[in-house]
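A structural walkthrough
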Amino acid sequence: MGSEMCIRDRLITDHVSGRLKVAPEHTEDGVLDIMRKPPFSQFEEFKRLFDSVNKRHDLRQQLIPYFISSHPGCHEIDMAQLAVKTKRLDFHLEQVQDFTPTPMTLATEMYYTGYHPYTLEKVYTARTKEQKLAQRQFFFWYKPEFRRQITQALQRIGKKDLIGKLFGR
């Protein structure tokens, strides 16, 4: 365990130049499963390790996570949960993007067909400008200009409990 700790410390202290960009892409297991990515808990554990090594070595390096909205299988509630979880981790997101279909990918097939090709289950996808904006706004929960719309969206989708978690009520 000692040598493992040393390797981890050396990787973070010697091979990160101040900002480490990582791509968890989402926080919700259902969306991550469709993306064929590991659970978000693995990213949370990585962040704990990263922060611990930085503190131990008196560094101020940052993790810069990359997230996607409107991916096939992602609903507004998933984005609301993403906002709560990234707030809890003290992130103000910078690296974000709406899903863009890319040729020859599983996600693009789901986007165009509306079905998961392996399970043949229907897969929701935000398609309209309004649906995409409704998801994207949750990335920016910390910006005052989005507070009213996010509050209204949480009320509309029956998640008033998340208002306090995002805005401290």
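Heads up: the structure comes first, above all this text.
All residue numbers refer to position in the chain's written sequence, counted from 1. For a predicted model such as this one, the threshold for reporting local features is a pLDDT of at least 70, and the threshold for listing and counting side-chain atom pairs is 80 or more; totals across whole chains, interfaces and linings nevertheless cover every residue. Excluded from the side-chain calculation are hydrogens and water; included are all heavy atoms of the structure.

**Observations regarding the nonpolar core**
Residues grouped as a nonpolar core are buried Ala, Val, Leu, Ile, Met, Phe, Trp, Tyr and Cys residues, joined through side-chain atoms within 4.5 Å. For the exposure calls, accessible area comes from a 1.4 Å probe over protein chains only, and a residue counts as buried if that area is under 20% of its type's maximum, exposed if over 50%, partly exposed in between. Residues Phe138, Phe139, Leu154 and Leu166 are the most contacted members of the largest nonpolar core, which totals 37 residues. Elements with a contribution of two residues or more to this core: α2 (29-35), α3 (40-56), β2 (62-69), α4 (76-88), α5 (106-113), α7 (144-156) and α8 (161-167). Elements are defined by DSSP. Helices are runs of H or I of four residues or more, strands are runs of E of two residues or more, and each kind is numbered from the N terminus. The leading source of residues in this core is α4, at 5 residues.

**Some details on the environment of Phe91**
Mapped onto the elements of the fold, Phe91 is located in the loop between α4 and β3 (95-98). For Phe91, a relative accessible area of 8% translates into the label buried. Separated by 12 residues in the primary sequence, Phe91 and Pro103 place their C-alpha atoms 31 Å from one another. Residue contacts are defined here by distance: any two heavy atoms, one from each residue, within 4.5 Å place the two residues in contact. Ignoring any residue separated from it by four or fewer positions in sequence, one finds Phe91 in contact with Phe43, Lys47, Leu63, Pro65, Thr86 and Trp141.

**Structural notes on unusual backbone geometry**
At Ser70, a residue that is not glycine, the phi angle is positive and equals roughly 65 degrees. Within the secondary structure, Ser70 sits in the loop between β2 and α4. Ser70 gets classed as buried once you look at its relative accessible area, which sits at 0%. Phi angles above zero are rare outside glycine, and Asp90 is one such case at about 65 degrees.

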